[in-house]
Every structure is written in C-alpha cells, then in structure tokens.
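A look at the structure
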Amino acid sequence: RLSSLFVRSLYMSDMCVFFFFFSSRRRHTRYISVTGVQTCALPILLGWCFLGTGNVVLALPFFEETMGKAPDNIQVKRDYAMALYQAGKFENAEKIIKAIMQEYADDPGLMGDLAAIYFFQGRSEEPPKLLEKALEKDPDDIQNMLTYCYILESRRKYKKAKALAERALVIAEKDADDRP
C-alpha cells in the first residue's frame, strides 16, 4: 500500500536533519524497498529533511532530481507531488496526483492526498467526499482520519472531529502496542 506523506510531513521538525545523519542507512534502505530505486533514496530524504525545517527553496531541487532519475516510479511521483503541495504549488501537485490516480484510482492514500490539496486550494465540497470514500476503503487509515479531523475542525464540526480523532488515537495506540 502506498503511504500518505501529507501527515508524515506535518511531523517533521528541525530535529529531522539531525536524525537523518544518524539514521540515514536505515532510512535509505527503507526507501529503496518502497521505491525500488536506489539512486533516489538520498536526494528524496534530503528533500524531506529540508521541507521538515521549512526550507522549500532547498527542498524542491532534491525532489526534481529524483523525478529525473525515476520519472515512472509511482512513489517518487507522489513524493514530488507532496513536496509541491508543501511549497504551495497546489495545481502542479494536483496534476501529478490525478495522473497517478488514473492507474490507482482506489488507493485511499492518494484520495487523502488529493483531499488535502483541494482543501488548501479553498475547495470546500470535494475534500470531505474524498476522505469519506477513502475511509470506507480503509477505515483504519490514521493519516486520512487526521486530515479529515482537520477539515471537520475548520468547518466547526467539533463533535465529529473529536470522535474521529479519538478513533484514530485508539488505532495508533493499538499499532504501537503491536510493535516490538
């Protein structure tokens, strides 16, 4: 399953750069296993580190480099789309996600990514519909739950947002308990 990078990027911080240098081998290996493209691992991780510290200007060239190395790789395209999203280039990010969705129309993570892009473009009708559809397909997708909570909160639907956030917390705690 493709993992959503929207929520993951929300958790990045200045510590990301510090963490990167001490865990790069493990992350590098994990990225290779997800993408299957060894030459993209280091640039994409550096790109996420710079995005995590808020430096979009330095981040985008790393994502563009990976697109040049693996333009047909779905995860590389998705990472680039989410970097564009973080940079506020919503139209470009939307085009890439929609292109990926032509092949993977039922992927809940992609639906969540597109919902987030639509939300920050100011479209009010599409995001909830997309997230409800995504959560029907994968009711335990914490990332889509949190995205939906954010949208519900912005619409002042606090009870529904709270219930969904509590459900996400239960799933996250269960996932944490299941890990070694």
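Details of the structure are given in the entry above.
Every value quoted in this text rests on a predicted model; they were computed, and no experiment measured them.

Now for the nonpolar core. Ranked by internal contacts, the top residues of the largest apolar core, which has 44 residues, are Phe-63, Tyr-85, Ile-97 and Ile-117. At the level of elements, helix 3 (41-52), helix 4 (56-69), helix 5 (74-86), helix 6 (90-103), helix 7 (108-120), helix 8 (126-137), helix 9 (142-154) and helix 10 (158-178) are the ones that each hand at least two residues to this core. When residues of this core are assigned to their parent elements, the largest contribution, eight residues, is made by helix 5.

Before going further, it helps to spend a moment on the packing of helix 7 against helix 8. How two helices sit against one another is set out by the angle between their axes and by the gap between those axes. Contact geometry of helix 7 with helix 8 gives a least axis separation of 8 Å together with a crossing angle of 165 degrees. Taken together, the axes of helix 7 and helix 8 are roughly antiparallel relative to one another. The hand of the helix 7/helix 8 crossing is left-handed. For the pair helix 7 and helix 8, contact is made by Pro-108, Met-111, Gly-112, Leu-114, Ala-115, Tyr-118 and Phe-119 and by Glu-126, Pro-127, Leu-130, Leu-131, Lys-133, Ala-134 and Lys-137, respectively. Its residues assigned to classes, the contact of helix 7 with helix 8 comprises 10 nonpolar, one polar and three charged.

Before going further, it helps to examine helix 8. Here helix 8 contains 12 residues, and its C-alpha end-to-end distance of 17 Å stays within 8% of the 16 Å for a straight helix at 1.5 Å per residue. Within helix 8 the residues assigned to the buried category are Pro-127, Pro-128, Leu-130, Leu-131, Ala-134 and Leu-135. What you see down the axis of helix 8 is that its buried residues fit within an arc of 165 degrees, all on one side. Exposed side chains of helix 8 directed beyond 90 degrees from the buried face belong to Lys-129 and Glu-136. Structurally, helix 8 contributes buried residues whose contacts are with helix 7 and helix 9.

The rules behind each value
Within each chain, residue numbers correspond to sequence positions counted from 1 in written order. It should be noted that, the model being predicted, local features are given only for residues of pLDDT at least 70 and side-chain atom pairs only at 80 or more, the latter also being counted only at that level, while totals for whole chains, interfaces and linings use all residues. Just so you know, side-chain values use all the structure's heavy atoms and leave hydrogens and water out. We define a nonpolar core as any set of buried Ala, Val, Leu, Ile, Met, Phe, Trp, Tyr and Cys residues linked to one another through side-chain atoms lying within 4.5 Å. Throughout this description, buried means an accessible area under 20% of the type-specific maximum (1.4 Å probe, protein chains only), exposed means over 50%, and partly exposed covers the range between. Secondary structure elements follow DSSP: runs of H or I of four or more residues count as helices, runs of E of two or more count as strands, with numbering from the N terminus. Lines fitted to C-alpha atoms define the axes here, with helix axes fitted over just the stretch in contact, and angles between the N-to-C directions of these axes take values from 0 to 180 degrees. Oblique is the label for any angle not under 35 degrees, not over 145, and not in the 65 to 115 range, which are roughly parallel, roughly antiparallel and roughly perpendicular in turn. Crossing handedness follows the turn of the near helix against the far one: under a right angle anticlockwise gives a left-handed crossing, and clockwise gives a right-handed one. Note on contacts: a residue pair is in contact if any heavy atoms of the two residues lie within 4.5 Å. Charged means Asp, Glu, Lys or Arg here, nonpolar means Ala, Val, Leu, Ile, Met, Phe, Trp, Tyr, Cys or Pro, and polar covers whatever is left, Gly included. Between the first and last residue of a helix there are one fewer steps than residues, each counted as 1.5 Å, and that sum is the expected span. Starting at the helix axis, one direction is taken to each C-beta atom, and the arc is that of these directions.

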